[in-house]
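Notes for the structure review
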Amino acid sequence: MSRIGVAFDKARADGRAVLVGCMPAGFPTVDGSIAAMTAMVEAGVDVIEVEIPYSDPVMDGPVIQKASDIALAGGVRTADTLRIVEAVAATGAPVVTMTYWNPIEQYGVDAFARDLAAAGGTGLITPDLIPEEAGEWLAASDAYGLDRTFLVSPSSTDARLRMTVEHCRGFVYATAIMGVTGARSQTSDAAPVLVSRVREATELPVGVGLGVGTGAQAATVSGYADGVIVGSALIRRLLDASDLDAGLAALRTLSAELAEGVRNPAR
């Protein structure tokens, strides 16, 4: 079983969801991103999602785009991401990588899978890669024991949903809304229905992303999903801070609030 699978099982035994916190690699710097992700773990985040910054992030909203632009301007490379994964995995928290497919093709699919596994990463979330076009990744993830997380959305047909989850390993990423990432004033009404549909097709855990930004929202999503995925709200704490120390303090505060939310799910 993957380390992410263990995290979901432990949370389920505790009657709560897993809290997944997302941060772009190299934002605000390589060392700063390691400090940020470590602070998130120390404040109660269960799983860290490290995003490889990319110049054309079709799923990312303005907050993640801005953070990724800062990382790219700072010269972050895929090799830096692997070093970050290794450093964050040393905290004991499972680390999954979210990436668009082009950086992996440029690096070499088999080589990246090998190096990600060696760094302690658990697998990939691939928002712009569909199972029908993922043959090389399916083979590489099998060869190196990595999870593969594809996305389903409220618009996915039943046939499409079933086919997608059959190719997932670790967990399924359910996008709560149609659109890009970003915290919103209230959680999606479509998300509980989508989670129910996914559970009819697989026994894999279901993580819900897009739109969660407060402890109360995390508690709501934790009431029906196996995982609560938060990115923009956490990243904004660093973007809005006057310096890294202030950003880390704000990041710890929100991480603790979100952790409290998933530990007290709304039923």
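Residues numbered from 1 in each chain as written. Predicted model: local features only at pLDDT ≥ 70, side-chain atom pairs only at ≥ 80, totals over all residues. Heavy atoms only, no water.

Quick word on the UniProt feature "active site" (unreviewed entry) in the protein chain
Short version of the rule: UniProt positions are given in the numbering used here, feature names are shortened, and annotations may be inferred rather than shown by experiment. Secondary structure elements are defined from DSSP: runs of H or I of at least 4 residues count as helices, runs of E of at least 2 residues count as strands, and each element is numbered from the N terminus. Per-residue accessibility, obtained with a 1.4 Å probe over protein chains only, is compared with the maximum for each type, and a residue is labelled buried under 20%, exposed over 50%, and partly exposed between these values. By definition, residues are in contact when any of their heavy atoms lie within 4.5 Å.
Feature annotation in UniProt assigns "active site" (unreviewed entry) to the following positions: E49 and D60. Residue placement: E49 occurs in strand β2 (residues 47-51). Residue classification places E49 among the buried residues on the basis of a relative accessible area of 4%. Aside from chain neighbours lying at most four places away, what touches E49 is V20, G21, C22, M23, V96, M98, I125, Y173 and I229. Along the chain, D60 turns up in the loop between β2 and α3 (62-73).

Quick word on the pairing of strand β9 (residues 227-230)
This is how the line gets drawn: A strand pair is defined by DSSP finding two or more bridges across the two strands. A right-handed crossover is one whose linking path, passing over the helix from the first strand to the second, runs clockwise when the strands point away from the viewer.
A two-sided burial pattern is seen for β9, the buried positions comprising G227 and I229 on one face and V228 and V230 on the other. Where strand β1 (residues 18-24) meets β9, four bridges bridge the pair, whose relative direction is parallel. The residue of β9 that forms the bridge with V20 is I229. In this sheet, β9 lies alongside strand β8 (residues 206-209) in parallel orientation, the contact comprising three bridges. In the sheet register, G207 faces β9, and the bridge partner there is G227. For the crossover from β8 across helix α10 (residues 215-222) to β9, the handedness is right-handed.

Quick notes on the side chain of T97
Examined against the element boundaries, T97 turns out to sit in strand β3 (residues 95-98). The contacts of T97, once residues within four sequence positions are left out, are V50, I52, V85, L116, G123, L124 and I125.

So, unusual backbone geometry
With an omega dihedral of -5°, the bond running from F27 to P28 counts as a cis peptide bond. Among the secondary structure elements, P28 is positioned in the loop between β1 and α2 (30-42).

Describing the packing of aromatic side chains
Defined as follows: By convention, a stacked pair of Phe, Tyr or Trp rings (six-membered ring in the case of Trp) has centres within 6.5 Å and planes under 30 degrees apart, an edge-to-face pair has planes over 60 apart, and any other such pair is tilted.
This model, assessed by the stated rule, comprises four aromatic pairs. Ring geometry for Y107 against F112: centres 5.6 Å apart, planes inclined by 90°, an arrangement best described as edge-to-face. Take Y107: its relative accessible area is 29%, and that puts it in the partly exposed class.

Some thoughts on the pattern of salt bridges
Going by this rule: Take a side-chain nitrogen of Lys or Arg and a carboxyl oxygen of Asp or Glu: if they are within 4 Å of each other, that pair is a salt bridge.
Applying the stated rule across the entire model yields 14 salt bridges. Taking the shortest distance from any N to any O, the salt bridge between R169 and D142 comes out at 2.9 Å. Separated by 27 residues along the polypeptide, R169 in the loop between α8 (158-166) and β7 (172-175) and D142 in helix α7 (residues 135-144) bring together distant segments of the chain. The network of salt bridges with shared partners includes D9, R12, R199 and D226.

Digging into the nonpolar core
As a rule of thumb, soluble globular proteins bury nonpolar side chains together. Condition: Residue types Ala, Val, Leu, Ile, Met, Phe, Trp, Tyr and Cys, when buried and joined through side-chain atoms within 4.5 Å, form a set referred to as a nonpolar core.
Judged by nonpolar contacts, the single largest core of 73 residues is most densely connected at M23, W137 and V208. In terms of residue count, α2 provides more of this core than any other element does, seven residues in total. In this structure W137 touches W101, V109, A113, L124, L129, L146, D147, R148 and F150, once residues within four positions along its chain are discounted. With 18 residues, the next largest nonpolar core counts V18, C22, Y54 and M59 among its residues.

Things to note about the sheet that holds strand β6 (residues 151-152)
Adjacent strands of a sheet pair through backbone hydrogen bonds, lying either parallel or antiparallel. Spatially, β5-β4-β3-β2-β1-β9-β8-β7-β6 is the arrangement adopted by the nine strands of the open sheet, whose pairing is parallel. In the strand order of this sheet, the two ends are held by β5 (147-149) and β6, each with one partner. Direction of pairing for β3 relative to strand β4 (residues 123-125): parallel, over a ladder of two bridges. Among the inter-strand pairings, M98 is bridged to a residue of β4, identified as I125.

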